[in-house]
Amino acid sequence: MKSTEKEYWQMVWDKFREGDREAFRTIYNEFIDVLFAYGSKLTSNNFLLEDAIQDVFINIYSYGKKLQHPEYLEYYLFKTLKHNIVRKLKENRRFDYGEENEFLFELKFPVEESSIDEQQLEKQISLLKQEMKNLDSRKRELLFLKFNSGLTYTEIGLLLDLKPDTVKKQVQRILAYFRKRFQNNFFELFFLCYKT
């Protein structure tokens, strides 16, 4: 997150804590879609996900004046949502304590137009999907956060309990593997398939 963007959201958060309802609406409208996109990778249960997101915003609205000033608002919201989802999964007895980093992190691959021949595109996308499925949950989550959020390596590291350098190295290793595997078409395929 760029410093000017960070400062903007700190200003919006301060206004919200002072009781400005429009500031709360701004936070909600800006982050609701990205929270849903992230949460849908953590659970396929949309009812549970919607409840978890609702809890994020209800708690913020209810306790806003008592909450600390988050250094990075998007990171704070992602972390809170992940915590809520894990808690709800545990309550539903579908989740063992201590396994919170092991749940399935799904990736979706919408197909868009590309300069690659359609038949070749389908084959390449199928191969890329299979390669993505072969990644463990942590690596899938790393890629999602890197390419679908405004989080920095530091923020991703905080969210996943990893050092920023570790996050960066792991992302680079994954991308290097895919570049070697798919050669010249890698970047076109990756960004074509990875958008959510």
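To keep things clear, this report deals only with the structure shown in the data block.

Procedures and definitions
- Residues numbered from 1 in each chain as written.
- Predicted model: local features only at pLDDT ≥ 70, side-chain atom pairs only at ≥ 80, totals over all residues.
- Heavy atoms only, no water.
- Core = buried A, V, L, I, M, F, W, Y, C linked by side-chain atoms within 4.5 Å.
- Buried < 20%, exposed > 50% of the residue type's maximum accessible area, 1.4 Å probe, protein only.
- Helix = DSSP H or I, 4+ residues; strand = E, 2+ residues; numbered from the N terminus.
- Contact = heavy atoms within 4.5 Å.
- Expected span 1.5 Å × (residues − 1).
- Polar contact = N/O pair within 3.5 Å; in protein donor to acceptor, adjacent residues only side chain to side chain.
- 1 Å grid on protein atoms, 1.4 Å probe; cavity = no way out; pocket = protein on both sides within 12 Å on 5 of 7 lines; lining within 4 Å.
- Points joined across faces, edges and corners; volume = space filled by probe spheres on them.
- Bend = angle between axes of the 7 residues up to and from the residue.
- Phe/Tyr/Trp six-rings, centres within 6.5 Å; stacked < 30°, edge-to-face > 60°.

**Concerning the nonpolar core**
One recurring pattern in soluble globular proteins: nonpolar side chains tend to sit buried together.
Okay, step 1: Judged by nonpolar contacts, the single largest core of 46 residues is most densely connected at I27, L81 and L145.
Okay, step 2: When contributions to this core are tallied by element, the ones reaching two or more residues are α1 (3-17), α2 (21-42), α3 (46-63), α4 (73-91), α5 (118-134), α6 (137-148), α7 (153-160) and α8 (164-182).
Okay, step 3: Broken down by element, the residue count for this core peaks at nine residues, all from α2.
Okay, step 4: Contacts of I27, omitting those with residues within four sequence positions, involve W9, V12, W13, F16, F57, L73 and L77.

**Concerning α6**
Okay, step 1: Its 12 residues place the ends of α6 16 Å apart at the C-alpha level, agreeing with the 16 Å of an ideal helix rising 1.5 Å per residue.
Okay, step 2: Counted residue by residue, α6 has nine buried out of 12 residues, so it is predominantly covered.
Okay, step 3: Along α6, the residues classified as buried are S137, R138, R140, E141, L142, L143, F144, L145 and N148.
Okay, step 4: Its side-chain oxygen placed 3.1 Å from the backbone nitrogen of R138, D136 serves as the N-cap of α6.

**Some details on empty space enclosed by the protein**
Okay, step 1: The final tally for this structure, using the stated rule, is one cavity of 30 Å³ or more.
Okay, step 2: Every residue lining the largest cavity is listed: K6, W9, Q10, W13, H69, P70, E71, Y72 and L73.
Okay, step 3: In terms of residue count, α1 provides more of the lining of the largest cavity than any other element does, four residues in total.

**Brief notes about α2**
Residue pairs spaced three or four apart in an α-helix point in one direction, given the helix's 3.6 residues per turn.
Okay, step 1: With 22 residues, α2 extends 30 Å from end C-alpha to end C-alpha; this agrees with the ideal 32 Å at 1.5 Å per step.
Okay, step 2: The sharpest bend along α2 measures roughly 40° and falls at F31.
Okay, step 3: Considered for burial, the residues of α2 that qualify are A23, F24, I27, F31, I32, V34, L35, Y38, G39, S40, K41 and L42.
Okay, step 4: With a side-chain oxygen positioned 2.9 Å from the backbone nitrogen of E22, the residue opening α2 is D20.

**Brief notes about the packing of aromatic side chains**
Okay, step 1: Using the criterion set out here, one finds 10 aromatic pairs in the structure.
Okay, step 2: Ring plane angle 25° and centroid distance 5.7 Å describe the contact between Y38 and F144, whose orientation is recorded as stacked. Placement of the pair is Y38 in helix α2 and F144 in helix α6, with a sequence separation of 106 residues. Neither residue differs from the other here; Y38 and F144 are each classed as buried.
Okay, step 3: Counting every residue linked through ring pairs, the aromatic cluster contains W13, F16, F24, Y28, F57, Y61 and Y76.

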